[in-house]
Amino acid sequence: MTFTDKHIVKTYSKLFKGLNEDSKVELIENLSKSLKSKKERKEAGFYESFGSFESEKTANEIIAEIKSSRKFREKDIEL
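Thresholds applied
- Residues numbered from 1 in each chain as written.
- Predicted model: local features only at pLDDT ≥ 70, side-chain atom pairs only at ≥ 80, totals over all residues.
- Heavy atoms only, no water.
- Helix = DSSP H or I, 4+ residues; strand = E, 2+ residues; numbered from the N terminus.
- Buried < 20%, exposed > 50% of the residue type's maximum accessible area, 1.4 Å probe, protein only.
- Areas by Shrake-Rupley, 256 points an atom, 1.4 Å probe, with all protein chains shown as cover.
- Lys, Arg positive; Asp, Glu negative; His and termini not counted.
- Charge placed at Lys NZ, Arg CZ, Asp CG, Glu CD.
- Phe/Tyr/Trp six-rings, centres within 6.5 Å; stacked < 30°, edge-to-face > 60°.
- pLDDT = per-residue confidence, 0-100.
- Salt bridge = Lys/Arg side-chain N within 4 Å of Asp/Glu carboxyl O.
- Polar contact = N/O pair within 3.5 Å; in protein donor to acceptor, adjacent residues only side chain to side chain.
- Patch = residues over 30% accessible without salt bridge, like charges linked within 9 Å, V, L, I, M, F, W, Y side chains within 5 Å.

Topic: the overall build of the protein chain
Across its full length, the protein chain carries 3 helices and 0 strands. Out of the 79 residues belonging to the protein chain, those deemed buried represent 0%. For the protein chain, the exposed surface amounts to about 8600 Å²; the carbon and sulfur share of it is 56%. Averaging the positions of the 17 positive and the 15 negative side-chain charges in the protein chain gives two centres separated by 8 Å.

Written out as structure tokens, the structure reads:
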């Protein structure tokens, strides 16, 4: 945990002291849910990334298009 993270946790802890027990329990539940959903979203995002490029062109046509769009220029470098 970085210094900044520790500082943020301490600051929020001070704010939470003023909450009643029910609010603290609800806060803990919400934090737990956010940790679980973050992991699920990360995995879903990974699997959703497959096949996201759609084109009616063949692979060879796409490769040829990329190669033909390349532009090279000569530039003298003085050392």
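Focus on the packing of aromatic side chains
A complete count under the given rule lists 1 aromatic pair for this structure. Measuring from ring centre to ring centre gives 6.0 Å for Y12 and F16, while their planes differ by 25°; the resulting arrangement is stacked. With Y12 and F16 both in helix α1 (residues 3-16) and 4 residues apart, the pair spans about one turn of that helix.

Brief notes about the confidence of the model for the protein chain
When pLDDT is averaged along the protein chain, the result is 84, and 91% of the positions lie at 70 or above. Between the elements of the protein chain, mean pLDDT differs from a low of 80, seen in helix α2 (residues 21-48), to a high of 93, seen in helix α3 (residues 59-69).

Thoughts on the pattern of salt bridges
Pairing between side chains of opposite charge can happen when their charged atoms approach one another. As enumerated under the stated definition, the model contains 1 salt bridge in all. Salt-bridge contacts for E65 lead to K57; the nearest nitrogen and oxygen are separated by 2.2 Å. Residue E65 is classed as partly exposed on the basis of its relative accessible area, which comes to 43%.

A few points about the environment of S34
Of note, S34 is situated in helix α2. A polar contact of 2.8 Å, which involves the side chain of S34, links it to the backbone oxygen of L31.

Regarding a nonpolar patch on the surface
On the surface, a cluster of nonpolar side chains totalling about 310 Å² of accessible area is made up of I8, Y12 and L15. Structurally, L15 is set in helix α1.

Overview of the environment of G18
With respect to the helices and strands, the residue G18 is situated in the loop between α1 and α2. When its relative accessible area of 71% is taken as the criterion, G18 is described as exposed.

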